[in-house]
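One letter stands for each residue in the lines below.
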Amino acid sequence: MRRPRGELGSRAPRPTEGATCAGPGESWSPSPNSMLRVLLAAQASAAQLSGLLLLPPIQPFCLGPSKWGDRPPGGGPPAGPAQGLQRLLEQARSPGELVRWLGQNPTKVRAHHYPVALRRLGQLLGSQPQPPPVEQTSLQDLSQLIIRNCPSFDIHTIHVCLHLAVLLGFPSDAPLVCALERERRFRLPPKPPPPLQPVLRGGQRLEAALSCPHFLRHPQQHLIRSLAEARPEELTPHVMVRLAQHLARHRLREPQLLEAIAHFLVVQEAQLSSKVVQKLVLPFGRLNYFPLEQQFVPCLERILAREAGAAPLATVNILMSLCQLRCLPSRALQFVFSPSFISHISGTPHAPIVRRYLSLLDTAVELELPGYQGPRLPRRQKVPIFPQPLITDRARCKYSHKDIVAEGLRQLLGEEKYRQDLTVPPGYCTDFLLCVSSSGAVLPVRTQDPFLPYPPRSCPQGQAASQPTTQDPAQRVVLMLQERWHFCRDSRVLLGSRALRERHLGLLGYQLLPLPFEELESQRGLHQLKSYLRQKLQALGLRWGPEGG
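Let me begin by describing the structure that accompanies this report. The residue numbering used here restarts from 1 in each chain and proceeds along that chain's sequence as written. Totals for whole chains, interfaces and linings use every residue, but because this is a predicted model, local features are given only for residues with pLDDT of at least 70 and side-chain atom pairs only at 80 or more, for both listing and counting. Just so you know, side-chain values use all the structure's heavy atoms and leave hydrogens and water out.

### Observations regarding the overall build of the chain
Then, in step 1: Runs of H or I in DSSP of at least four residues are treated as helices and runs of E of at least two as strands, each being numbered from the N terminus. Along its length, the chain carries 26 helices and seven strands.
Then, in step 2: The buried share among the 549 residues of the chain stands at 47%.
Then, in step 3: Only heavy atoms matter for contacts: two residues are in contact if any of them lie within 4.5 Å across the pair. Taking all contacts inside the chain whose residues are at least 6 apart in sequence as the whole, residues at least 24 apart take part in 74%. To sort residues, take the accessible area from a 1.4 Å probe on protein chains only and compare it with the maximum for the residue type: under 20% means buried, over 50% means exposed, and anything in between is partly exposed.

### A few points about the pattern of salt bridges
Then, in step 1: Criterion for a salt bridge: a side-chain nitrogen of Lys or Arg within 4 Å of a carboxyl oxygen of Asp or Glu. For the structure on display, the rule yields 17 salt bridges.
Then, in step 2: Residue R306 is joined to E307 by a salt bridge in which the shortest nitrogen-to-oxygen separation is 3.3 Å.
Then, in step 3: Among the residues examined, E307 registers a relative accessible area of 17% and is labelled buried.
Then, in step 4: With its nearest N and O atoms 3.1 Å apart, the salt bridge here joins K382 to D362. Taken as a pair, K382 in the loop between α20 (351–368) and α21 (391–395) and D362 in helix α20 lie far apart in primary sequence, 20 residues in all.
Then, in step 5: Where salt bridges share partners, they join D362, E366, R376 and K382 into one cluster.

### With respect to the packing of aromatic side chains
Then, in step 1: Each aromatic pair joins two rings of Phe, Tyr and Trp (for Trp, the six-membered one) with centres within 6.5 Å, and gets the label stacked for planes under 30 degrees apart, edge-to-face for over 60, and tilted for any other angle. In the structure shown here, the tally under the stated rule is six aromatic pairs.
Then, in step 2: Taking 5.3 Å as the distance between ring centres and 40° as the angle between the ring planes, the aromatic pair formed by Y114 and F153 counts as tilted. Of the two residues, Y114 sits in helix α6 (residues 113–126) while F153 sits in the loop between α7 (136–149) and α8 (155–167), which places them 39 residues apart along the sequence. Side by side, Y114 and F153 carry an identical accessibility label, which is buried.
Then, in step 3: Among the aromatic residues, ring-to-ring pairing joins F284, Y289 and F296 into one connected group.
Then, in step 4: Whether a charge lies above a ring is judged from NZ of Lys or CZ of Arg, which has to be within 6 Å of the ring centre and within 35 degrees of the ring normal. The aromatic ring of F487 is capped on one face by R492, whose charged end is 4.2 Å from the ring centroid.

### Brief notes about the pairing of strand β7 (residues 511–516)
Along any regular strand, the residues point their side chains to alternate faces of the sheet.
Then, in step 1: Two strands pair when backbone bridges link them, and strand β6 (residues 475–482) and β7 are joined in this way by six bridges, in the parallel orientation. Looking across to β7, one finds that L479 is bridged to L513.
Then, in step 2: Orienting the strands away from the viewer, one traces the path from the first strand over the helix to the second; a clockwise path indicates a right-handed crossover. Regarding the hand of the β-α-β motif, the stretch spanning β6, helix α24 (residues 496–508) and β7 is right-handed. Paired strands, as defined in this entry, are two strands with at least two bridges between them according to DSSP.

### Let's talk about the nonpolar core
Then, in step 1: Put simply, buried Ala, Val, Leu, Ile, Met, Phe, Trp, Tyr and Cys residues joined by side-chain atoms within 4.5 Å make one nonpolar core. Within the largest apolar cluster, 69 residues are counted, with the highest numbers of intra-cluster contacts made by L265, F284, F337 and L358.
Then, in step 2: Domains are outlined according to an automatic or database domain assignment. Split by domain, the residues of this core number at least three in each of domain 2 (215–381) and domain 3 (394–457 + 472–539).
Then, in step 3: Discounting residues that sit within four places of it in the chain, L358 has contacts with V316, V336, F337, F341 and L377.
Then, in step 4: Grouped together as the second largest cluster of nonpolar side chains are 36 residues, L98, L142, C150 and V177 included.

### Describing helix α15 (residues 274–286)
Each full turn of the α-helix corresponds to 3.6 residues, which orients residues three or four apart in the same direction.
Then, in step 1: Here the expected span of a helix is defined as 1.5 Å times the quantity of residues minus one. In this model α15 runs 18 Å from its N-terminal to its C-terminal C-alpha over 13 residues, within 8% of the 18 Å that 1.5 Å per residue would give.
Then, in step 2: Residues of α15 that are buried include every one of S274, V277, Q278, L280, V281, P283, F284 and G285, and no others.
Then, in step 3: Tucked into the core, α15 has its buried residues touching α13 (237–249), α14 (255–267), α16 (296–307), α17 (312–324) and α24.

### So, the environment of L513
Then, in step 1: Considering the arrangement of structural elements, one finds L513 in strand β7.
Then, in step 2: Taking the relative accessible area as the measure of exposure, L513 reaches 8% and is therefore buried.
Then, in step 3: If sequence neighbours within four positions are ignored, L513 has contacts with V477, V478, L479, M480, K536, L537 and L540.

### Some points on the packing of helix α22 (residues 402–412) against helix α26 (residues 525–539)
Packed helix pairs are characterised by how far apart their axes lie and by the angle those axes make with each other.
Then, in step 1: Here an angle of 0 to 180 degrees is reported between the N-to-C directions of two axes, which are lines fitted to C-alpha atoms, with helices fitted over the stretch in contact. For the pair α22 and α26, the least separation of the axes is 9 Å and the interaxial angle reads 70°. Here α22 lies roughly perpendicular to α26, going by the angle between them. Every residue of α26 that contacts α22 at I404, V405, E407, G408, L409, Q411 and L412 is listed here: L526, L529, K530, L533, R534 and L537. Geometric relationships in this document are graded by angle, where less than 35 degrees denotes roughly parallel, more than 145 denotes roughly antiparallel, 65 to 115 denotes roughly perpendicular, and other angles denote oblique.

Structure follows, in structure tokens:
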């Protein structure tokens, strides 16, 4: 039976020439940057043109029943008329023929036929070296068909049609693009309203910033500085403790913030317990920063006198911070060295750490307070202060220069002429120790006593640290590695514990030879490092090898 004209299987005449591609209801020609210009100039196959459209070629009913609803139950083959219409669209020879197949068979058109038609349109435009102009009315009719039926499209079909329309050169304000974009937005699930953020003021902002995990892992000094702008009445002890801990943990020597903490401590003295105060003064000792606040030390002395017996560990921690700042209040020292205090802490869980801190305080009294007349720590209570490298050095040993410096000394001097990681009385661990004769010759360590006496022989305070090596028949030279993490961040100020160790070793009579990390990092290879060490040792007047004895 012959089919009526206009139904599936009928042929349509070729379109007439003389019109340019236009969007529905408007005159339009491709802009220089439009994808349509690329398609018109393309000398490519249909598969290559599909690549230009950034989408794979559509296979018959490849999107499945969940997308288009054309596959019958049970997963059987798609319906014949719909498959036939898709074949006709894919074989259409002109835009006008595309419009006719879609407009004259409304009962057989499915949603997925429209992106097939748009894709075939791109193929037709790029299939000839000089393609004929496209009928304006044909493109308008195709656009109207899509606009009229797009409310029934699912979100995937809308995305495909919108993408193809844009690539074909439709401007963003064209009716087709606007209709598809409107339907796309309508299909999107509504976004939940953003949760209401609580209004944070003053100290709450400080606490929130300091509690942020990203802020704790990646300290930013410019943000830290901005926190100092909060008004004093907005600050709380908890906020100031968090700020002090943050500065100490990340070695941030920020004078403005440290002064703010010192001022807060003085103003809030009556409300602060010694357990809170120990946390507030921690960054001052660690960062080797003595505040300008004149009442800082008197305030701490009053707090220690008031609460020393109630919190022994907090009391000793406060004194340790003051010791790093070269400030040791005699009244507090007399209390912690008293037999009653020592007896009180002996049976407590924190007795080992307190005894170590008391041993360091006793060493500081011996070396730095010659006029002190109060009680001292009994000899039987003393323990080595730092019998091994500090925790930070052990944790960062793979970044340290110690191994390469040790190898350089071994090749330069010989293994018998230096000692590494030797702990000297009263318990300070040295990086490298050399024994030097009165003439400056480096001697084998095994033939000499590497330790200087402790307590040191009576001499004017500071003289032992300043004596030249040639005036002492048994001089000990200590090479001190100054690694990057031994300093405050972005500063040349040594951390309090490092400065305290170097100060005490110098007062004990050891000749110190610092090796800064900048100089060590500038040495390229072991050969350069050996030359660097040779220059450093010769600058002290040291000799070794056959000429050195």
